[in-house]
Amino acid sequence: MTVPPPVLTATNIRKSFGDREVLAGISLEAREGEVISILGGSGSGKSTFLRCLNLLEVPDEGQIAIGDVQAPLTRNRHGRLEVSDGRAAARLRTQTAMVFQGFNLWPHLTVLQNVMEAPLRVHRRDRDEVLATARSLLERVGMAGFHAAYPKRLSGGQQQRVAIARALATNPKLVLFDEPTSALDPERVREVLALMRSLAEEGRTMIVVTHEMAFARDVSSRVVHLMNGRVESSGPPAHMFGPDASPAFRAFLSPAAL
Amino acid sequence: MMDDLTLLGFGPDGWAPLLLKGCLLTLAVSATSMAIGTVLGVLLAWARLKGPGWLRRTALVYGVVLRGVPELLVILLLYFGLPSLILSLSETFGWEAPGLPPPFLVGSLSVGLVSAAYQAEIFRGGVGAIPRGQFEAARAMGFSDLLCFHRIVLPQVARVVLPALGNVWQFNLKDSALIAVTGLSELMRTSLVAAGSTRHPFLFFGVAMALYLVLTTLSSTAFHYGGRYSNRWDRG
Amino acid sequence: MGEHLTFIGSVTAQLVRAVPVTLLILAVSGVCATVLATGLTAMSVARSPLPRLIQRTWTFLFRGTPLILQIFMIYYGFAMVPWIRHGLLWAAFRDPVFCTCLAMTCCCSAYIAEIFRGALAAVPRGEIEAGRACGMTGFLLLRRVIAPSLIRIALPSYSNEIIMMTKSTSLASTITVLDITGVAQQVIAHSYRTLDVFCAAAALYLLINATLSTLLTALERRLDVDRAPTPLAPIPPTLEPLS
Ligand SMILES: Nc1ncnc2c1ncn2[C@@H]1O[C@H](COP(=O)(O)OP(=O)(O)O)[C@@H](O)[C@H]1O
Ligand SMILES: [Mg+2]
């Protein structure tokens, strides 16, 4: 069996805010079809790492490549990394999509417009084609009946499902999820997790920051434990949730197990 | 009473044509100053939000000064100050003296400069009211800055900003009356002249008030409906 | 250069002498407008329709027309009314400072009443209900529950309005009052040094406004219960008996 090509290669990502080193050198590779769960205590740098991957945050050190396209990071005259070419960064971002904890739907656009916005305006795809894709995606996330509604009218779970449809509308190579269920009521969590599980089964490449241990254990192909800005341990879920897992990860899990 | 009607009529002794012309001029001055204020206000807001340090400070000082100094003083400064500035400029460069600047331009410019200071605050607040996540969601999908501005910022800012801009417009409309001091025969000046030459101040100031009320009421209705339209997605 | 500085110095001295006039107009019309606005606010929540109608008309009339027009109406208009011209009130209406104050009181009371009305609507219903629930009514409820919240909510807009009023006092100069703007115009007519004179006048207005807004912001801070550092006062060991 051939190894699928890498979709994301992040090497030695470092990031500090002021004196505080949040990421102390993290490397991660995601191959096509992989679902990587990132776990870790709050403040361990999960969000920051995810946001570095699509350059919402510019890392202080390190390299990022989506497919075989390198992120346009160069050193300025003070020796700090910066985005050298805004257009290239935007182009790189078109290959990825992100689902946020707070949904971040655009409130002035309807559900359908939210989903169609990026493929129409950023990718400049054909309108009829985009419409057809958007409709089938909304069907897929169970929101077909709401295409004309404005986000304000929807529950959190519904908004998040629309946000997932929006993320998929450009057919990205990689979808980043930052605690997509943390802002939801317990009943709503299930509907969103079920949707994410079906995406995983479909072979989407996903990186998921989550506190849902069952999802990490059952759905992901690899689990990464972040601690103090480093990868403390990582491996397939069978290993990470088995008896040979690192003590630190077991300690992290234990309050959840209780 | 008959007397009053003649004075307000369209006949040879009637002031109606001049008063109506004054109304139009008031509207024209207000609209021009509003436009000047919007263009300059957007630039100032941009300077405050994204400009380099020195520009940010300049915009800040501009706002503090123009919002803290009486409009009348600004009008007088431009009206008396511009000619001498132009004169000294033309002397230094050896141009032919271009004469006095037209009152219409001076008036709209001074009201517009003040309007800009208020509008800048409104635009700045409007952009600030959009949650950060909105921009991030757009950037995460590869929106360019321009596209983000056009598709995400503009429609949402319009909603927050329209009622406030309506207020500024009302102030522009009323501030335009101050331009009367430059001798421009807009509504205020016309009523003043009419009041003086007919010795019926109550009648003419009363009519002028009524006309201002018509202007302000009509325009606030227009802004109300504009606001409702731009706000249609916010009604739960 | 030295001559220039002397000129600015003497102009500033002349302008400073006009500051009391500006402050007088501001103080008189500020106090009167606030009192009148309180009355108008009360009318706006009255049960019978007539006071509400009066408040609405007042607001419509004075917010919808330029203040300068109102000043002219009072100063030039009333002078033509025989019973004023030859009555006791003439002593007041012939005085341009009085006319300015009257116009500003009417006009600004309309604006301030709208501010109070908005703040009144923003006082949380629950606070009022809590007051009612423990038996408060009428004036007690107003004084102990509604007014404190209302003042806190209204203060920022009220401060704004006071700054606007400071600027409006300059309109007095159009009816011959020698306030800061009036003196500035007079000096210019004699010297043609437009820019210097106006800058000095502008600086004075900015100074007045800065002082006022500092005072009002300090007041806002004092009243802000959310931010005020509440010292953890020890509970007294013996509570006075409830009477
Ligand atoms: N923009 C920022 N400025 C300063 N500190 C930040 C910023 N973003 C995150 N941090 C800090 O970085 C640390 C890691 O944050 P984050 O990546 O959000 O953690 P997690 O998502 O794992 O909870 C936190 O201590 C947070 O306070
Ligand atoms: Mg986080």
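- Where an unreviewed UniProt entry is consulted, chain C appears under the name Octopine/nopaline transport system permease protein, with the organism given as Nitrospirillum amazonense.
- UniProt, in the comment section headed Sequence similarities (unreviewed entry), describes chain C in these words: "Belongs to the binding-protein-dependent transport system permease family. HisMQ subfamily."

- Per an unreviewed UniProt entry, the recorded name for chain A is Amino acid ABC transporter ATP-binding protein (PAAT family), and the organism is Nitrospirillum amazonense.
- According to the UniProt record, the Sequence similarities (unreviewed entry) comment for chain A reads "Belongs to the ABC transporter superfamily."

1. So, the packing of helix H2 (residues 16–50) of chain B against helix H8 (residues 187–198) of chain B
Residue and element names in this part refer to chain B.
Consideration 1: Running from N to C, H2 and H8 point in directions that differ by 155°, and their axes come no closer than 7 Å. With respect to H8, the axis of H2 lies roughly antiparallel. Where H2 approaches H8, its residues Leu18, Leu19, Gly22, Cys23 and Thr26 are matched on the opposing element by Leu187, Thr190 and Ser191.
Consideration 2: Partitioning the contact of H2 with H8 into residue classes produces 4 nonpolar, 4 polar and no charged.

2. Looking at the interface of chain B and chain A
Consideration 1: Across the contact, 22 residues belong to chain B and 26 residues belong to chain A.
Consideration 2: Carbon and sulfur atoms supply 59% of the area buried between chain B and chain A, which totals about 2200 Å² over both sides.
Consideration 3: Contact with chain A buries area across many residues of chain B, yet Met141(B), Arg151(B) and Trp233(B) alone supply 31% of it, more than any other trio.
Consideration 4: Here chain B is connected to chain A by 2 salt bridges.

3. Focus: the pattern of salt bridges
Consideration 1: Tallied over the entire structure, the rule returns 19 salt bridges over all chains.
Consideration 2: For Arg151(B), the salt bridge is made with Glu117(A), and the minimal N-O distance between the two is 2.5 Å. Placement of the pair is Arg151(B) in helix H7 (residues 145–175) and Glu117(A) in helix H3 (residues 111–122), with the two residues belonging to separate chains.
Consideration 3: A relative accessible area of 16% places Arg151(B) in the buried class.
Consideration 4: Here Arg217(A) and Asp218(A) are joined by a salt bridge, their closest N and O atoms 3.4 Å apart.
Consideration 5: Taking the relative accessible area as the measure of exposure, Arg217(A) reaches 42% and is therefore partly exposed.
Consideration 6: On the basis of relative accessible area, Asp218(A) is assigned to the partly exposed category, the value being 46%.
Consideration 7: Overlapping salt bridges, with partners in common, bring together Arg51(A), Glu57(A), Arg132(B) and Glu136(B) in one network.

4. Thoughts on the sheet that holds strand S4 (residues 61–66) of chain A
All names here are of chain A.
Consideration 1: Across the sheet, 4 strands lie side by side as S2-S1-S4-S5; this open sheet has antiparallel pairing. A strand with exactly one partner marks an edge of an open sheet, and here the two such strands are strand S2 (20–31) and strand S5 (69–70).
Consideration 2: Summarising the sheet, S4 and S5 pair through 2 bridges and their orientation is antiparallel. Looking across to S5, one finds that Ala65 is bridged to Gln70.

5. Details of a nonpolar patch on the surface
Consideration 1: Taken together, Leu85(B), Leu89(B), Phe93(B) and Trp95(B) make up a surface patch of nonpolar side chains, about 460 Å² in accessible area.
Consideration 2: Its location among the elements puts Phe93(B) in helix H4 (residues 71–93).

6. Brief notes about unusual backbone geometry
Consideration 1: Backbone geometry places Arg124(A), a non-glycine residue, at a positive phi of 50°.
Consideration 2: Looking at the element boundaries, Arg124(A) is found in the loop between H3 and helix H4 (127–140).
Consideration 3: Judged by relative accessible area, Arg124(A) falls into the exposed class, the value being 69%.
Consideration 4: The backbone of Thr176(C) sits at a positive phi, close to 75°, despite the residue not being glycine.
Consideration 5: Examined against the element boundaries, Thr176(C) turns out to sit in the loop between helix H8 (138–168) and helix H9 (180–191).

7. Details of the interface of chain B and chain C
Interface extent is often summarised as the accessible area lost during association of the parts.
Consideration 1: Contact with chain B, which involves 35 residues of that partner, is made by 34 residues of chain C.
Consideration 2: Of the roughly 3000 Å² buried between chain B and chain C on both sides combined, carbon and sulfur atoms contribute 83%.
Consideration 3: Put simply, chain B and chain C have 1 salt bridge between them.
Consideration 4: Where Lys167(C) meets Glu71(B), a salt bridge forms, and the shortest distance between an N and an O atom there is 3.3 Å.
Consideration 5: Elements with a contribution of two residues or more to the side of chain B that touches chain C: helix H3 (53–68), H4, H7, H8 and helix H9 (201–230) of chain B.
Consideration 6: By residue number, the principal contributor to the side of chain B that touches chain C is H9(B), which donates 10 residues.
Consideration 7: Here the side of chain B that touches chain C is composed, by residue class, of 24 nonpolar, 7 polar and 4 charged.

8. Quick notes on the site of ligand 1
Residues and elements named next belong to chain A.
Consideration 1: Near ligand 1, the surroundings consist of Phe17, Arg20, Val22, Gly41, Ser42, Gly43, Ser44, Gly45, Lys46, Ser47 and Thr48.
Consideration 2: Measuring from an oxygen atom of ligand 1, one finds a backbone N or O atom of Gly43 at 2.7 Å.
Consideration 3: In this structure, an oxygen atom belonging to ligand 1 sits 3.3 Å away from a main-chain N or O atom of Ser44.
Consideration 4: Looking at the shell around ligand 1, the elements that each hand over two or more residues are S2 and helix H1 (46–53).
Consideration 5: The element best represented in the shell around ligand 1 is H1, accounting for 3 residues.
Consideration 6: Each residue belonging to the shell around ligand 1 can be placed in one class, and the counts come to 2 nonpolar, 7 polar and 2 charged.

9. What to know about the UniProt feature "transmembrane region" (unreviewed entry) in chain C
All names here are of chain C.
Consideration 1: The UniProt record annotates "transmembrane region" (unreviewed entry) at residues 23–46, 67–85, 97–116 and 197–219.
Consideration 2: Note that residues 23–46 is 92% helix and 0% strand, and that its end C-alpha atoms are spaced 34 Å apart.
Consideration 3: Between the first and last C-alpha atoms of residues 197–219 the distance is 33 Å; the span itself is 100% helix and 0% strand.

10. Things to note about the pairing of strand S3 (residues 35–40) of chain A
Residues and elements named next belong to chain A.
Consideration 1: Burial within S3 is extensive, with 6 of its 6 residues counted as buried.
Consideration 2: Burial of S3 is two-sided: the residues Val35, Ser37 and Leu39 facing one way and the residues Ile36, Ile38 and Gly40 facing the other way are all buried.
Consideration 3: Looking at chain direction, S3 and strand S11 (residues 222–227) are connected through 5 bridges and run parallel. Looking at the pairing, Ile36 lines up with Arg222 of S11.

11. What to know about the packing of H2(B) against H3(B)
Residues and elements named next belong to chain B.
Consideration 1: The N-to-C vectors of H2 and H3 enclose an angle of 130°; their axes lie 8 Å apart at closest approach. Between H2 and H3, the angle falls in the class oblique. Where H2 crosses over H3, the two elements pack in a sense that is left-handed. Contacts between H2 and H3 involve Leu40, Leu44, Trp46, Ala47, Arg48, Leu49 and Lys50 from the first element and Leu55, Arg56, Ala59, Leu60 and Tyr62 from the second.
Consideration 2: Counted by class, the contact of H2 with H3 contains 9 nonpolar, no polar and 3 charged residues.

12. A short note on the state of the cysteines
Linking two cysteines covalently via their sulfur atoms produces the bond known as a disulfide.
Consideration 1: Across all of its chains, the model carries 0 disulfides over all chains by this definition.
Consideration 2: Lacking any disulfide linkage, Cys148(B) is separated from the closest cysteine sulfur, that of Cys52(A), by 20 Å.
Consideration 3: Classification of Cys148(B) by relative accessible area gives buried; the value is 8%.
Consideration 4: Looking at the unpaired Cys108(C), the closest cysteine sulfur is the one in Cys107(C), lying at 4.9 Å.
Consideration 5: Given a relative accessible area of 3%, Cys108(C) falls into the buried group.

Quick notes on the rules
- Residues numbered from 1 in each chain as written.
- Chains lettered and ligands numbered in written order.
- Predicted model: local features only at pLDDT ≥ 70, side-chain atom pairs only at ≥ 80, totals over all residues.
- Heavy atoms only, no water.
- UniProt positions renumbered as here; feature names shortened; annotations may be inferred.
- Axes fitted to C-alpha atoms, helices over the stretch in contact; angles between N-to-C directions.
- Helix = DSSP H or I, 4+ residues; strand = E, 2+ residues; numbered from the N terminus.
- Parallel < 35°, antiparallel > 145°, perpendicular 65-115°, else oblique.
- Contact = heavy atoms within 4.5 Å.
- Nonpolar A, V, L, I, M, F, W, Y, C, P; charged D, E, K, R; others polar.
- Buried area = accessible area lost by both parts, 1.4 Å probe.
- Salt bridge = Lys/Arg side-chain N within 4 Å of Asp/Glu carboxyl O.
- Buried < 20%, exposed > 50% of the residue type's maximum accessible area, 1.4 Å probe, protein only.
- Pairing = 2+ DSSP bridges.
- Patch = residues over 30% accessible without salt bridge, like charges linked within 9 Å, V, L, I, M, F, W, Y side chains within 5 Å.
- Areas by Shrake-Rupley, 256 points an atom, 1.4 Å probe, with all protein chains shown as cover.
- Near = heavy atom within 4 Å.
- Polar contact = N/O pair within 3.5 Å; in protein donor to acceptor, adjacent residues only side chain to side chain.
- Left-handed = near helix turned anticlockwise from the far one by under 90°.
- Disulfide = S-S within 2.5 Å.

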